[in-house]
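Understanding the architecture of this molecule
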Amino acid sequence: MKRASTLSALIAVVGSSFALVGAAHAEDPLMIVSFSTGARRVITVSPVNGNVLQGPFLNLQTLIPGVASPMQVLPVGNQLWIPDQVADNVTRLTRDGVIIDQLGTDPATGLATGRFNNVRGLGIVNGEVWLCNAEAATGGTDPTATANTIYRLDPFTGATLGSFPADGNPWAIFIYNGRVLITNSTTDVATEYAPDGTRIGVFAESTAPAMSLPQMMSKRSNGNLWIADFSVAASGLYEFGPAGEPLTRIFLGTGPRAAVDLENGNYIYTDATAVRLRDTTNQQTSVLASGNFRYITPLTPPKVSPADIGNTDGEPISDGALDNGDFTVFFDAFFAPEASPTQLRADIANTDGLLSPMWPGGGSGGGPDGVVDNGDFTSFFAFFFAPTVLP
């Protein structure tokens with residue numbers, strides 16, 4: 001029976017929960033997406049040595065209806081966003097792996113609406129989620145997509161806040177030393193934009209050889225910028241200095257889509273057949289995981305509390321704040337005679353109050369268990385009253 005008489009347990013958990021949610025750090029696992037037919041998945045690897053931690057971390061094949069060509073997994077507060085280049089949508093998941101919605105897909109038919117077409121990389125800029133969209137809509141119930149466009153999306157609702165034109169066919173978005181950079185495969189450069197989308201100018205361009213299909217970017221351990229080029233003739237990892245000056249190109253023999261330095265001095269990169277580890281002492285390459293892999297993104301801790309389950313009006317929609325709305329949603333669910341999908345928004349932990357491993361402080365077997373009970377009560381109030389859950 002549901003009881004609110006869990007105060008002693010609640011106080012104990014509150015007292016130990018103040019540091020459970022924090023800022024991103026170097027130990028955050030790296031998520032890598034594969035779109036191999038029949039094995040679309042996300043694996044995680046260690047940022048220290050590249051060892052595979054979980055494979056799969058997310059089984060997209062069974063998790064996402066209609067998944068076809070996932071590009072990236074981007075942590076957005078307490079959500080995970082996954083753009084799909086062929087399905088023309090962005091799936092939003094809770095950190096427990098539960099689908100919130102699919103932006104650009106009609107929930108009634110499962111078909112693309114035309115809101116997006118040929119989407120690629122995502123990035124968080126100035127509190128918004130930016131999305132690369134390559135092609136114009138060709139049909140659907142909402143054929144509003146325009147070619148070579150960056151869409152600015154609300155991180156909580158997914159609504160379109162605005163858009164602006166990219167230099168060309170856009171692939172990836174990255175913040176480098178405070179600069180907003182977007183790669184494109186029309187002019188084959190990384191262009192800098194202001195946080196409002198105003199074009200500033202070309203930041204990184206290579207001429208000998210010229211990049212031909214620049215995709216994901218990363219910041220090297222030495223502070224320089226890396227751009228992975230997936231083309232045939234000009235493939236490799238292009239390194240640029242802090243002012244965008246071209247420095248070196250590493251030819252790997254395959255077309256890399258993304259690359260990241262590891263803490264031990266080696267690096268990993270993805271291509272059409274594997275995630276590979278490059279030993280920088282002997283320049284030998286080994287395979288970490290086989291498959292058609294794409295972008296690499298750190299699994300940063302959530303910047304929104306698991307107790308953020310409602311907006312200020314008491315509706316079951318996260319809004320980035322802990323207030324009476326979350327309180328209302330939780331107790332509406334806790335004392336409801338029967339559970340509904342909306343009420344289960346408050347199902348954040350198992351019966352022991354343990355969160356999913358996807359939350360800091362969570363563990364194996366934790367997370368939603370299909371019922372709103374004392375475990376959820378304990379966990380909800382531990383985070384509701386914790387002062388550091390919104391860093």
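Residues numbered from 1 in each chain as written. Predicted model: local features only at pLDDT ≥ 70, side-chain atom pairs only at ≥ 80, totals over all residues. Heavy atoms only, no water.

Once that is clear, we can look at the nonpolar core. Of all hydrophobic cores here, the largest spans 31 residues; its most connected members are Ile32, Leu225, Ile227 and Ile268. Ranked by size, the runner-up nonpolar core spans 18 residues in total, among them Phe330, Trp359, Phe377 and Phe381. (Core = buried A, V, L, I, M, F, W, Y, C linked by side-chain atoms within 4.5 Å. Buried < 20%, exposed > 50% of the residue type's maximum accessible area, 1.4 Å probe, protein only.)

Adjacent strands of a sheet form backbone hydrogen bonds with each other and so pair up, either parallel or antiparallel. With antiparallel pairing, four strands are arranged side by side in an open sheet as S16-S17-S18-S19. Here the strands that pair on one side only, and so sit at the sheet edges, are strand S16 (214–219) and strand S19 (246–250). Within this sheet the neighbouring strands show an average axis-to-axis angle of 25°, counted without direction. The sheet contact formed by strand S17 (residues 225–229) and strand S18 (residues 236–240) spans five bridges and is antiparallel. (Pairing = 2+ DSSP bridges. Helix = DSSP H or I, 4+ residues; strand = E, 2+ residues; numbered from the N terminus. Axes fitted to C-alpha atoms, helices over the stretch in contact; angles between N-to-C directions.)

A complete count under the given rule lists seven salt bridges for this structure. Of the charged contacts, one joins Glu128 and Arg152 as a salt bridge, the two residues approaching to 2.8 Å between their closest N and O atoms. Of the two residues, Glu128 sits in strand S9 (residues 128–133) while Arg152 sits in strand S10 (residues 149–153), which places them 24 residues apart along the sequence. Accessibility assignment for this pair places Glu128 and Arg152 in one class, buried. For Asp271, the salt bridge goes to Arg276, with nearest N and O atoms at 2.6 Å. Across the pair, exposure class does not vary: Asp271 and Arg276 are buried alike. (Salt bridge = Lys/Arg side-chain N within 4 Å of Asp/Glu carboxyl O.)

If you walk through the whole model with that rule in mind, you get 26 aromatic pairs. Summarising the aromatic geometry, the rings of Phe327 and Phe331 are spaced 4.8 Å apart at their centres and angled 40° between planes, so their arrangement reads as tilted. Taken together, the residues span about one helical turn, with Phe327 and Phe331 both in helix H3 (residues 324–334) at a distance of four residues. On the numbers, 6.3 Å between centres and 70° between planes, the contact of Phe381 with Phe384 is edge-to-face. With Phe381 and Phe384 both in helix H4 (residues 374–384) and three residues apart, the pair spans about one turn of that helix. You'll find Phe381 and Phe384 in the same group, each marked buried. Through successive ring pairs, a cluster of aromatic residues spans Phe327, Phe330, Phe331, Phe334, Phe335, Phe377, Phe380, Phe381, Phe384 and Phe385. A cation sits over an aromatic face here: Arg294 above Phe35, 3.8 Å from the ring centre. (Phe/Tyr/Trp six-rings, centres within 6.5 Å; stacked < 30°, edge-to-face > 60°. Lys NZ or Arg CZ within 6 Å of the ring centre and 35° of its normal.)

This next bit is on the sheet that holds strand S3 (residues 52–58). Sheet architecture is open: four strands sit in the order S3-S2-S1-S24, paired in antiparallel fashion. The open sheet terminates on both sides in strands that have one partner only, identified here as S3 and strand S24 (293–298). Ignoring which end each strand starts from, the neighbouring axes of this sheet average 25° apart. Across three bridges, strand S2 (residues 41–45) lies against S3 in antiparallel orientation. Bridge pairing links Val42 to Leu58 in S3.

By the burial criterion, the buried members of H3 are Gly325, Asp326, Val329, Phe330, Ala333 and Phe334. Axial view of H3: buried residues confined to an arc of 165°, hence all on one face. Opposite the packed face of H3, turned more than 90 degrees from it, sit the exposed residues Asn324 and Asp332. Close packing links the buried residues of H3 with H4. Between the side-chain oxygen at the start of H3 and the backbone nitrogen of Gly325 there is a gap of 3.0 Å, and the oxygen is on Asp323. (Arc of directions from axis to C-beta. Contact = heavy atoms within 4.5 Å. Polar contact = N/O pair within 3.5 Å; in protein donor to acceptor, adjacent residues only side chain to side chain.)

Let us look at the pairing of S19. Across four bridges, the pairing between S18 and S19 is antiparallel. Within the sheet, the bridge partner assigned to Glu239 lies in S19 and is Thr248. Linking two consecutive strands that pair antiparallel, namely S18 and S19, is a turn of five residues; a positive phi of about 90° is found at Gly244 within it.

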